Amino acid sequence: MILITLTVLLVLLLLSVPVAATLIVLGLFLDEFFSPFPLVNAMGDVLWSASNSFLLIAIPLFILLGEILVRTGIAKGTYRALESWFSWLPGGLLHANIGTATLFSATSGSSVATAATIGTVAIPQGKDLKYDQRLFTGSIAAGGTLGIMIPPSINLIVYGFLTETSIPQLFAAGMIPGLLLALLFIIGTVLICLWRPSLGGPSTHHSWGERLSGLRHLVPVLVLFGIVVGSIYAGWATPTEAASLGVIGAMVIAAIMGKLSKSVILEALEGTMRTTGMIMLIIMASYFLNFVLASAGITRELTSFLEAAGLGPYSTLLLVIALYIILGFFIETLSLMVITIPIVAPIIIGMGFDPVWFGILLILLIEMALITPPVGLNLYVVQGVRQGGSFNDVMVGALPYVAMMLLMAVALVLFPSIALFLPELLN
């Protein structure tokens, strides 16, 4: 039954059937051939229960927050400020790409929005200064992945919703791994550019006056981060309420800067509705599929298979990690999460692993899937922003950062406290 399920799923995805439709069709197929009861009769209740959650309101709000930041050009000032601080390192603007992505991730909650925004700002400058386009675009794609690790993160909200794990604890757990991964990207980039200077670009030096004056451009992002994350951990707001405060804060900042207009608001709302519709359809469809999988006994069959294999906790964990790496080549990241989490998470957590820690490890693996071909979404986003050049440049440029993510995954497995230190401190 498991083999048939995987085969049908892969066939539908390879036929380019939309993800939400794929999950519904697979659920109906399994219901028809493997369930003794007409589970389709429960579809209405399942879809309603999947969407009827106060927590999920945070998703469109965080998307709207990111849309406002993208369309008001706040990221451009942030990029210029970080360029003055980091461009003296070997690799030059590559570090501004990563640093800006790190800061932008602390407000957008979306890796795609982060990669698109940084790419729009950075790529023209990289071309003017004759940077090697492989590592330059790879750094943007990789930096964009931090958007789903550093809080607030839409993917962490989805994980918490599917596993009933505390969102504030997940946000706290993602902070240190996200910052360490950004630091690892910078260190790795320095080493690569020391080894092959031609892969980087010219290092530039700025006066302390320029650096200090540029810090004012970081204020909007830091203020929004303080509003969103600070209100959660101060106990003033839930994640959903904090997201609404962030939207209000973004609009006020944009108005003060003279960048808020009717067209900006309408474009931000349109982009929010489009993205939210896609995410919610996938979540609802995955709920129905997982309901069918559990009712038809596939979840129990998979659990029994793993138990019969006699694998220990860490052997099972390594198997799951390998599974996510392989599936990440072929399945879009959000779809990969909602399809697998309800099946995999109970098994891993049942073996004694912390659900918060596993959530961060899972997000790291999902980050890798964002920059691994053939369906690495951030690769296509950056290539689209380039508007020309070979797609192979982006893929090759992202490979060193995939290796750095694997190194971070090893560190998380060996030292779980990297993810658990802050949640335990704040608990």
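Note that the structure is a prediction, hence the values are computed from the model and not measured.

Draft legend 1. Spotlight on the overall build of the protein chain. Secondary structure summary: the protein chain contains 21 helices and zero strands in total. For the protein chain, the C-alpha radius of gyration of 22 Å lies close to 22 Å, the compact-globule estimate for 427 residues. C-alpha atoms of the protein chain, sized along the principal axes, occupy 70 × 45 × 45 Å. Per-residue burial for the protein chain yields a buried fraction of 54% across its 427 residues. A fraction of 79% describes how many contacts in the protein chain between residues 6 or more apart in sequence connect residues 24 or more apart. Looking at the protein chain as shown, the accessible area adds up to about 17700 Å², and 71% of this sits on carbon and sulfur atoms. Between the averaged position of the 14 positive side-chain charges in the protein chain and that of its 19 negative side-chain charges there is a distance of 18 Å.

Draft legend 2. Examining the environment of F329 more closely. For F329, the location among the structural elements is in the loop between α16 (313-328) and α17 (333-350). Taking C-alpha positions, F329 is 14 Å from L364, a pair spaced 35 residues apart along the chain.

Draft legend 3. Seen up close, the confidence of the model for the protein chain. Scored by pLDDT, the protein chain has a mean of 82; 95% of the residues are at 70 or more. Highest mean pLDDT in the protein chain belongs to helix α18 (residues 355-370) (92); lowest belongs to helix α15 (residues 298-308) (68).

Draft legend 4. Quick peek at the pattern of salt bridges. Taken as a whole and assessed by the stated rule, the structure comprises two salt bridges. Two residues, D132 and R134, come together in a salt bridge whose shortest N-O distance is 3.0 Å. By relative accessible area, D132 is classed as buried at 16%. Notably, a salt bridge pairs R274 with E270, separated by 2.9 Å at the nearest N-O pair. With R274 and E270 both in helix α14 (residues 262-296) and four residues apart, this pair spans about one turn of that helix. With relative accessibility at 45%, the residue E270 sits in the partly exposed group.

Draft legend 5. Geometry of the packing of helix α19 (residues 377-386) against helix α20 (residues 391-414). Two numbers describe how α19 lies on α20: the axes approach to 9 Å, and their chain directions differ by 135 degrees. When the axes of α19 and α20 are compared, the pair comes out oblique. Between α19 and α20 lies a crossing of right-handed hand. On the side of α19, the interface is formed by L379, Y380, V382, Q383 and R386, while α20 contributes F391, D393, V394, M395 and A398.

Draft legend 6. View of the packing of aromatic side chains. On inspection of all chains with the given rule, the structure shows four aromatic pairs. Between Y131 and F136, the aromatic rings sit 5.3 Å apart at their centres with planes inclined by 50 degrees, giving tilted as the arrangement. Both residues of the pair, Y131 and F136, count as buried. When the centroid spacing of 5.2 Å and the interplanar angle of 90 degrees are considered together, the rings of F185 and Y401 count as edge-to-face. Within this pair, whereas F185 is found in helix α10 (residues 167-195), its partner Y401 is found in helix α20, the two being separated by 216 residues in sequence. Assigned by exposure class, F185 and Y401 land together as buried. Among the aromatic residues, those joined into a cluster by ring pairs are Y314, F353 and W357.

Draft legend 7. Highlighting the side chain of D132. Counting through the fold element by element, D132 comes out in the loop between α7 (111-128) and α8 (133-144). Only 3.5 Å separates the side chain of D132 from the backbone nitrogen of L135, close enough to count as a polar contact. Discounting chain neighbours no more than four positions away, the residues touching D132 are S198, L199 and G200.

Draft legend 8. Representation of unusual backbone geometry in the model. Each neighbour pair has its own omega, and for P151 with P152 the value is 0 degrees, a cis peptide bond. By the element assignment, P152 lies in the loop between α8 and α9 (154-163). Positive phi, normally seen in glycine, also occurs at E164, with a value near 55 degrees. Mapped onto the elements of the fold, E164 is located in the loop between α9 and α10.

Draft legend 9. Spotlight on the packing of α8 against α19. Where α8 meets α19, the closest approach of the two axes is 9 Å, and the angle between their N-to-C directions is 125 degrees. On the basis of the axis angle, α8 is oblique to α19. Remark: the crossing between α8 and α19 carries right-handed chirality. When α8 is examined against α19, the residues Q133, T137, I140, A141 and G144 are found in contact with a partner set consisting of N378, L379, V382 and R386. Along the lines of polarity and charge, the residues of the contact of α8 with α19 split into four nonpolar, four polar and one charged.

Here is what the cut-offs are and how they apply
- Residues numbered from 1 in each chain as written.
- Predicted model: local features only at pLDDT ≥ 70, side-chain atom pairs only at ≥ 80, totals over all residues.
- Heavy atoms only, no water.
- Helix = DSSP H or I, 4+ residues; strand = E, 2+ residues; numbered from the N terminus.
- Rg over C-alpha atoms; globule rule 2.2 N^0.38 Å.
- Buried < 20%, exposed > 50% of the residue type's maximum accessible area, 1.4 Å probe, protein only.
- Contact = heavy atoms within 4.5 Å.
- Areas by Shrake-Rupley, 256 points an atom, 1.4 Å probe, with all protein chains shown as cover.
- Lys, Arg positive; Asp, Glu negative; His and termini not counted.
- Charge placed at Lys NZ, Arg CZ, Asp CG, Glu CD.
- pLDDT = per-residue confidence, 0-100.
- Salt bridge = Lys/Arg side-chain N within 4 Å of Asp/Glu carboxyl O.
- Axes fitted to C-alpha atoms, helices over the stretch in contact; angles between N-to-C directions.
- Parallel < 35°, antiparallel > 145°, perpendicular 65-115°, else oblique.
- Left-handed = near helix turned anticlockwise from the far one by under 90°.
- Phe/Tyr/Trp six-rings, centres within 6.5 Å; stacked < 30°, edge-to-face > 60°.
- Polar contact = N/O pair within 3.5 Å; in protein donor to acceptor, adjacent residues only side chain to side chain.
- Nonpolar A, V, L, I, M, F, W, Y, C, P; charged D, E, K, R; others polar.

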